[in-house]
Amino acid sequence: PVEPVEPVEPSIGWGVLHLFYGIDREAAAADPGAAKRIVDAVASLEADGHQALCFAVLGHKADLGVMVLGPDLARLRAFQAELAEGPLQLRDSYFSLTELSEYTSTEDDERARLAAEEGIDGDAQEARLDAWRERMAHYQEQRLHPKLPLKKAICFYPMSKRRTAEHNWYSLPFADRKRLMGGHARVKSEEHTSELQ
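In this text the structure is predicted, and so the values were computed from the model without any measurement.

Student: When you look at the environment of valine 66 in this model, what are you seeing that I'm missing?
Tutor: One can find valine 66 in strand E3 (residues 64–70). Note: C-alpha distance between valine 66 and alanine 56 (ten residues apart in sequence) is 8.9 Å. Apart from residues no more than four positions distant in its own chain, valine 66 is found in contact with Leu17, His18, Leu19, Tyr21, Leu53, Cys54, Phe55, Phe79 and Leu83.

Student: Any chance you could explain the pattern of salt bridges here in plain terms?
Tutor: A side chain with one charge can pair with a side chain of the opposite charge if their charged atoms come near. Applying the stated rule across the entire model yields 15 salt bridges. Of the charged contacts in the structure, one is a salt bridge between glutamate 107 and arginine 133, with a shortest N-O distance of 2.7 Å. Placement of glutamate 107 in helix H4 (residues 107–118) and of arginine 133 in helix H5 (residues 122–144) is noted, with a sequence separation of 26 residues between them. According to the relative accessible area criterion, arginine 133 is partly exposed, its value standing at 29%.

Student: What is the right way to read the pairing of E3 from this model?
Tutor: Within a regular beta strand, the side chains point alternately toward one face of the sheet and then the other, so they alternate between its two faces. A large share of E3 lies buried, amounting to seven of its seven residues. Side chains Leu64, Val66, Val68 and Gly70 of E3 all project onto a buried face; the interleaved residues Gly65, Met67 and Leu69 project onto the opposite face, where all are buried too. Across seven bridges, strand E1 (residues 15–23) lies against E3 in antiparallel orientation. Across the sheet, the residue bridging to valine 16 is leucine 69, located in E3.

Student: How should I be thinking about the environment of histidine 18 in this particular structure?
Tutor: Along the polypeptide, histidine 18 turns up in strand E1. On the accessibility criterion, histidine 18 (8% relative accessible area) is buried.

Student: Looking at this structure, I do not really get the pairing of E1. What am I missing?
Tutor: By the criterion of burial, E1 is predominantly enclosed, with eight of the nine residues buried. Pairing of E1 with strand E4 (residues 88–97), which is carried by nine bridges, proceeds in the antiparallel orientation. Residue pairing in the sheet places histidine 18 in a bridge with tyrosine 94 of E4.

Student: It is not clear to me how the packing of aromatic side chains should be interpreted in this structure. Could you clarify?
Tutor: Think of a pair of aromatic rings as described by two things: how far the centres are apart, and how the planes are tilted against each other in angle. Summed over the entire model, instances satisfying the criterion amount to four aromatic pairs. Where tyrosine 103 meets tryptophan 169, the ring centres are 6.4 Å apart and the plane angle is 85 degrees; that geometry is what we call edge-to-face. Of this pair, tyrosine 103 sits in the loop between E4 and H4 while tryptophan 169 sits in the loop between H5 and helix H6 (174–196), and the two are 66 residues apart along the sequence. With respect to burial, tyrosine 103 and tryptophan 169 carry one shared label: buried. With a centroid separation of 5.4 Å and 25 degrees between ring planes, the pair formed by tyrosine 103 and phenylalanine 174 is classed as stacked. You can see tyrosine 103 sitting in the loop between E4 and H4 and its partner phenylalanine 174 sitting in helix H6, a full 71 residues away along the chain. For tyrosine 103, a relative accessible area of 8% corresponds to the buried category.

What counts as what
Residues numbered from 1 in each chain as written. Predicted model: local features only at pLDDT ≥ 70, side-chain atom pairs only at ≥ 80, totals over all residues. Heavy atoms only, no water. Helix = DSSP H or I, 4+ residues; strand = E, 2+ residues; numbered from the N terminus. Contact = heavy atoms within 4.5 Å. Salt bridge = Lys/Arg side-chain N within 4 Å of Asp/Glu carboxyl O. Buried < 20%, exposed > 50% of the residue type's maximum accessible area, 1.4 Å probe, protein only. Pairing = 2+ DSSP bridges. Phe/Tyr/Trp six-rings, centres within 6.5 Å; stacked < 30°, edge-to-face > 60°.

Next up, the structure:
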């Protein structure tokens, strides 16, 4: 059972926790109720308004992966502590917050694109911008409060923007970073589209 604690909620976005475990098979065999406790911990977390995806991990680094996200960081931490009581050996973990991208096109960017690429201005441009604003509001909500779909496979990679002296992502001009992130977004969008077909 989860001990109630004071919620810790980010001012914007949700917490996202990736946990990767090895299974201690001897400990699991000695504790036949352990698997049910893990399933109950997931169900309890979901009943508290959080999301959880559990998955088998390919490769040698872990047996089980768990991705959880939601509004209360203290609740995510309590969930992590619950899993630590079972026959699981933590191999790796990542924590992040959902956030809006600083590289997303602004309304001024879209206005300039409509004029330059499509030759649209005046009332027609405003109508297109209204539709763009609606799409962006939906996009921003999905970035901050995503609804995770159940899938047969999950691909996770920790994206690291280096900050070393000779390889510092932030030493690149903002326009270059925005262009590179735009390419990343197009690749991810194309992958998502091909998954749906």
